[in-house]
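These are the residues of each chain, in order.
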Amino acid sequence: MLEIAGLRAGYGTVEILRGVDLVVGKGEIVALLGSNGAGKSTLNNTVCGLYRPFGGAVQFDGRNIADAASMSIVQAGLIQVPEGRRVFPNLSVRDNLELGSYRRGKPARRHNLDRVIGIFPRLGERLQQAAGTLSGGEQQMLAIGRGLMGEPKLLILDEPSLGLSPVLVEEMFALIRRLNGDGLSILLVEQNVMQSLAIAHRAYVLENGQIALSGPAADLAQHPDLRRSYLGQ
Amino acid sequence: MLDPGILFAGVLNGLLAGGVYVLVAVGLTLIYGVLHIINFAHGSLLMLAMYAVFFLWRLTGVDPYAALPIVIGGAFVFGYILYRLVIGRLSHGRDENILLITLGVSIVIDNVALLIFGGDTQTIETPYASSFVELGAALLPLPKIISFVASLLLCIVLGLFLARSDTGKAIRAVARERQGARLVGIDVDNIFALSYGIGIACLGAAACLLMPTYYVTPSSGHAFVLVAFTIVVLGGMGSFAGAAVGGLVIGVIESLGGLLLGEQLGQIGISVVFILILLLKPSGLFGARQ
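A brief report on the enclosed structure follows. (Residues numbered from 1 in each chain as written. Chains lettered and ligands numbered in written order. Predicted model: local features only at pLDDT ≥ 70, side-chain atom pairs only at ≥ 80, totals over all residues. Heavy atoms only, no water.)

Take the overall build of chain B next. Within chain B, the secondary structure is distributed over 11 helices and 4 strands. A compact globule built from 290 residues should have a C-alpha radius of gyration of about 19 Å, and chain B, at 19 Å, falls within 12% of that. Its C-alpha atoms put chain B at 60 × 50 × 35 Å along the principal axes. For chain B, buried positions account for 50% of its 290 residues. Long-range pairs, those at least 24 residues apart, make up 78% of the contacts in chain B with a sequence separation of at least 6. Looking at chain B as shown, the accessible area adds up to about 12800 Å², and 69% of this sits on carbon and sulfur atoms. Computing the positive centroid from 13 side-chain charges and the negative centroid from 14, chain B places the two 14 Å apart. (Helix = DSSP H or I, 4+ residues; strand = E, 2+ residues; numbered from the N terminus. Rg over C-alpha atoms; globule rule 2.2 N^0.38 Å. Buried < 20%, exposed > 50% of the residue type's maximum accessible area, 1.4 Å probe, protein only. Contact = heavy atoms within 4.5 Å. Areas by Shrake-Rupley, 256 points an atom, 1.4 Å probe, with all protein chains shown as cover. Lys, Arg positive; Asp, Glu negative; His and termini not counted. Charge placed at Lys NZ, Arg CZ, Asp CG, Glu CD.)

Bridge count for strand E2 (residues 132-135) of chain B against strand E3 (residues 138-141) of chain B is 4 bridges, and the pairing is antiparallel. From the neighbouring strand, Val133 of chain B faces E3 of chain B, where its bridge partner is Leu140 of chain B. (Pairing = 2+ DSSP bridges.)

This brings us to the interface of chain A and chain B. Each partner contributes to the interface: chain A provides 23 residues, whereas chain B provides 18 residues. Of all residues in chain A, the largest losses of buried area upon contact with chain B belong to Arg86, Phe88 and Tyr102 of chain A, amounting jointly to 27% of the total for that side. In this structure, the connection of chain A to chain B is made through 5 salt bridges. In this structure, Lys169 of chain B engages Glu98 of chain A in a salt bridge whose closest nitrogen and oxygen atoms are separated by 2.8 Å. Where chain A packs against chain B, one counts 7 residue pairs in polar contact (both at pLDDT 80 or more). Broken down by secondary-structure element, the contributors of at least two residues to the side of chain A that touches chain B are helix H2 (70-76) and helix H3 (93-99) of chain A. Partitioning the side of chain A that touches chain B into residue classes produces 11 nonpolar, 5 polar and 7 charged. (Buried area = accessible area lost by both parts, 1.4 Å probe. Salt bridge = Lys/Arg side-chain N within 4 Å of Asp/Glu carboxyl O. Polar contact = N/O pair within 3.5 Å; in protein donor to acceptor, adjacent residues only side chain to side chain. Nonpolar A, V, L, I, M, F, W, Y, C, P; charged D, E, K, R; others polar.)

This part is about helix H4 (residues 109-119) of chain A. The set of residues buried in H4 of chain A consists of Arg109, Asn112, Leu113, Val116 and Ile119 of chain A. Projected down its long axis, H4 of chain A shows its buried positions confined to an angular sector of 120 degrees, all on one face. In this structure, H4 of chain A carries Arg110, His111, Asp114 and Gly118 of chain A as exposed residues pointing more than 90 degrees from its buried face. On its buried face, H4 of chain A is in contact with H3, helix H5 (121-125), helix H6 (136-149) and helix H7 (166-181) of chain A together with helix H6 (166-176) of chain B. (Arc of directions from axis to C-beta.)

Geometric descriptors of this kind do not, in isolation, establish any biological role.
Printed below as a string of structure tokens:
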């Protein structure tokens, strides 16, 4: 579904990604792990068309999207739920969700709105409230709900557990598994290594702009390098 | 010493004058809210629109009110193209560049207007220019009543567009969260150009409503923009409701200032309000809590 090959990218003249290969298949949860500054967000934002790559190929659904604009990437069904939520603070929860179907999924807007409210009843109780007044956890739900409104074929979740309480983090991972169970392909970008590996099918570890490790999530969870780097064992 | 009847008439006349101020200020605040810059070309573009109304009347005999749809549409297209071809392209995505470019555009337009139109004062003669409506003790000029009602109707239409339509919501989304807007597939550059076009369309409407009672010279836009800027600061930068309320308040202050201090000094009241707002509540009446 998503095939990234030899991707080089960065900001200005600074190269952050130095040849990344990554594949997400249909129906998979793929975890992209790595510490702060490893280049995870650069990868995301380049794939989503916010930055132009320096080189390499990005194929989505059989189409080359390496130089496409963000709106045509959304149109194709690749939707990112960004780190830091990026909800529209001055708009109501309902307007935020409706704008999720600005470019894609507009005909089924009403139906999808009901579906998202079914997944996040909390949002249904606050439809008229300005998004900026929601709690961090609610804003995260809203950001994911807004992403779902665009009927994604592949959803990229960037640090969805960041800033959430442990209970909410549990709920978040359960939700990701459930969305995947309904057939959604997911690229999960996380620092939360063990919980991500527990729900992912496969995983990649990004270090200094390159893929350091990759494989089935169950194998990686046992990998000595990973346990040493992230768990201090 | 001041007769209540005269005071009443002063307040009403101020409110009526405020209607057009609201339009000019709403355009300015919309552009500020989305692009985060003061549009320094605002006065020059208002002047251009006033000349457009003048020449439509002079050359083809179109009444200024009948010209509303033409001039609003023309101003929108002009603003949209100006943004796409000049302002957006030369700014390279940096807000502070946009500021300087609009200033440059303003200087060019003013001087080209002076070159082509000359410095003479031009006015339009209409049969209704000196019609009055009697309301209690007040004698109100009919064109000012029309311009007040039309201004408020246009602001309501624009407000509904921003609140209800997908494009309006996208404009408000871009105003506060550009990256989030890109990630739902909003064409942010197009929204910038649309917002600029709508801001200039407001000036087109204001020009049509002003010309029956006002005059145009190549420098006549600037007086309005100074007032409009005060309104935007009073209402809160980027606030739509603030511009609407602020416009009416400033209209009344100017009118009462003229009544108490004499016509020439009426504008002092506006400057005093401007300074007081900056001292006491810099975020304005409806300022966004950032």
